[in-house]
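# Structural overview
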Amino acid sequence: MTTVAGVGAAASAGALAHRSLVRGRDARLLRIDGGRGIDEQYFAPIGGIEQWLSVRGADRANPVLVEVHGGPGSVTSVFTVRTRAWEEHFTVVRWDMRGAGKTLRHGGKEGQGELTYGRLYSDALEVVDHVRARLGVERVVLVGHSLGSGFGVRLIREHPERFSAYVGIDQNVYDAGRDGSAYKDLLERLRAAGKGKETAAVEEMGADPRSWTAEQHALYHRYVMATNPESVAALKSAVLPSLWWSPLHSLPDLPAFFQGMKLSAQIFPETTHFDDWADGTGFEVPFYIFQGEHDLVTPPGRAQRFFDEVTAPDKHFELVEDAAHFSAYTHPDRFLSLLLDRVRPQVAA
């Protein structure tokens, strides 16, 4: 007699067998052939702990692109298959921050050391210098996604000599809590959906993020994502499938992805007093923002207003149509076209 448990076990075995087949296929897709390419994944000593890096590209002569992921804790290394075409034109470097992804799994929660925005900023600078030395390049293209874009504008403002260009994906602009429109919009969406419990929780926070706890910041962002249909679609179509099928991520890596987002939320309160306008809108390197037109997590209107005040040797703002948060990873071909049209001509040797 077939039991429910037996059916469940067979289904699980079937899912894992299918996952193994797809991962094998995608591993072949990721193969970089020829002596000019590079494909390395390793742990490097960064900020006093071992942190995971991936360096991949078809030709070492291509410009180097260093990506700083968002979240906090939302590593972009899971998108390697989706962004394979980028590696034909750039050497793509991805880094799992302390408290996130493979770095978290490798060292454990207790082995992450100090987990603050300031510490992560120092780590990011050290990663950039590590990559420059390892690959023998003077400057790199810096790409920041969401929270990582907050690091990005600070890095290029304070250390322009290390960078050939900056690209913000779903640019996160800090304004010390002045603009409460996103908070009000979230309340309206929750009320319209009849979400009484969630509405009460957001009302209790108040409109000023400078008074929120780390847990309230995490809750706020979760509600924003959940009430943005395009962002929910991105999670279902790109983020979660990429994590499940990734040839670079084993089954034990999967829970670390979610654990990292929860652990890293503690850095949110440190950012609430940041003010990108007050810190300065003049940059010495080409400056680009590519923003999902339906993004409610990092609203394009705020990013556009900041961009309009930016001065840089070259600059461009582009709305990615039919995209929300994770715009570069839901539309990787469109993002590559923007890189090739706008960025690579500025940085190619």
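Above this note sits the structure.
Cut-offs and rules
Residues numbered from 1 in each chain as written. Predicted model: local features only at pLDDT ≥ 70, side-chain atom pairs only at ≥ 80, totals over all residues. Heavy atoms only, no water. Salt bridge = Lys/Arg side-chain N within 4 Å of Asp/Glu carboxyl O. Helix = DSSP H or I, 4+ residues; strand = E, 2+ residues; numbered from the N terminus. Buried < 20%, exposed > 50% of the residue type's maximum accessible area, 1.4 Å probe, protein only. Phe/Tyr/Trp six-rings, centres within 6.5 Å; stacked < 30°, edge-to-face > 60°. Lys NZ or Arg CZ within 6 Å of the ring centre and 35° of its normal. Pairing = 2+ DSSP bridges. Right-handed = clockwise from strand over helix to strand, strands pointing away. Axes fitted to C-alpha atoms, helices over the stretch in contact; angles between N-to-C directions. Parallel < 35°, antiparallel > 145°, perpendicular 65-115°, else oblique. Left-handed = near helix turned anticlockwise from the far one by under 90°. Contact = heavy atoms within 4.5 Å. Nonpolar A, V, L, I, M, F, W, Y, C, P; charged D, E, K, R; others polar. Core = buried A, V, L, I, M, F, W, Y, C linked by side-chain atoms within 4.5 Å.

## Here's the deal with the pattern of salt bridges
For the structure shown, the criterion picks out 23 salt bridges. Notably, a salt bridge pairs Asp 123 with Arg 119, separated by 3.0 Å at the nearest N-O pair. With Asp 123 and Arg 119 both in helix H3 (residues 117–135) and four residues apart, the pair spans about one turn of that helix. The buried category is assigned to Asp 123, whose relative accessible area is 0%. A relative accessible area of 21% means that Arg 119 is categorised as partly exposed. The closest approach of N and O atoms between Arg 178 and Asp 275, which form a salt bridge, is 2.5 Å. Within this pair, whereas Arg 178 is found in the loop between strand S6 (163–169) and helix H5 (181–192), its partner Asp 275 is found in the loop between helix H10 (268–271) and helix H11 (276–279), the two being separated by 97 residues in sequence. Judged by relative accessible area, Asp 275 falls into the buried class, the value being 14%. Salt bridges sharing common partners tie together Asp 39, Arg 56, Arg 84, Glu 87 and Glu 88.

## Thoughts on the packing of aromatic side chains
Summed over all chains, the structure comprises 18 aromatic pairs. Ring geometry for Phe 79 against Tyr 329: centres 4.4 Å apart, planes inclined by 10°, an arrangement best described as stacked. Residue Phe 79 is found in the loop between strand S3 (64–68) and strand S4 (91–96), and its partner Tyr 329 is found in helix H13 (residues 327–330); the two are separated by 250 residues along the sequence. Here the two residues Phe 79 and Tyr 329 agree in accessibility, since each one is buried. Here Phe 257 and Phe 258 contribute two aromatic rings whose centre-to-centre distance is 5.2 Å and whose plane-to-plane angle is 80°, an arrangement assigned as edge-to-face. For Phe 257, a relative accessible area of 4% gives the class buried. If you follow Lys 102 out to its NZ or CZ, it ends over the ring of Trp 52, 5.6 Å from the centre. Geometry around Phe 307 places Lys 315 over its ring, the cationic atom sitting 4.5 Å from the centre.

## So, the pairing of strand S8 (residues 315–320)
The pairing of strand S7 (residues 287–292) with S8 spans six bridges and is parallel. Across the sheet, the residue bridging to Gly 292 is Val 320, located in S8. With respect to chirality, the unit in which S7 leads through helix H12 (residues 300–309) into the neighbouring parallel S8 is right-handed.

## Side note on the packing of H3 against helix H4 (residues 147–158)
It is the contact of H3 with H4, at a shortest axis distance of 11 Å, that shows an interaxial angle of 60°. When the axes of H3 and H4 are compared, the pair comes out oblique. Judged by the twist between their axes, the crossing of H3 over H4 is right-handed. Contacts from Tyr 117, Leu 120, Tyr 121, Ala 124 and Leu 125 of H3 reach H4 at Gly 150, Phe 151, Arg 154, Leu 155 and Glu 158. Its residues assigned to classes, the contact of H3 with H4 shows seven nonpolar, one polar and two charged.

## Remarks on the nonpolar core
Phe 151, Leu 155, Ile 156, Phe 163 and Phe 287 are the most contacted members of the largest nonpolar core, which totals 47 residues. No other element matches H3, which puts eight residues into this core. In this structure Phe 287 touches Val 153, Ile 156, Tyr 166, Phe 306, Phe 307, Val 310, Ala 312, Asp 314, Lys 315 and His 316, once residues within four positions along its chain are discounted. By size, the runner-up hydrophobic cluster in this structure holds 45 residues, among which are Val 75, Phe 90, Ala 100 and Ala 323.

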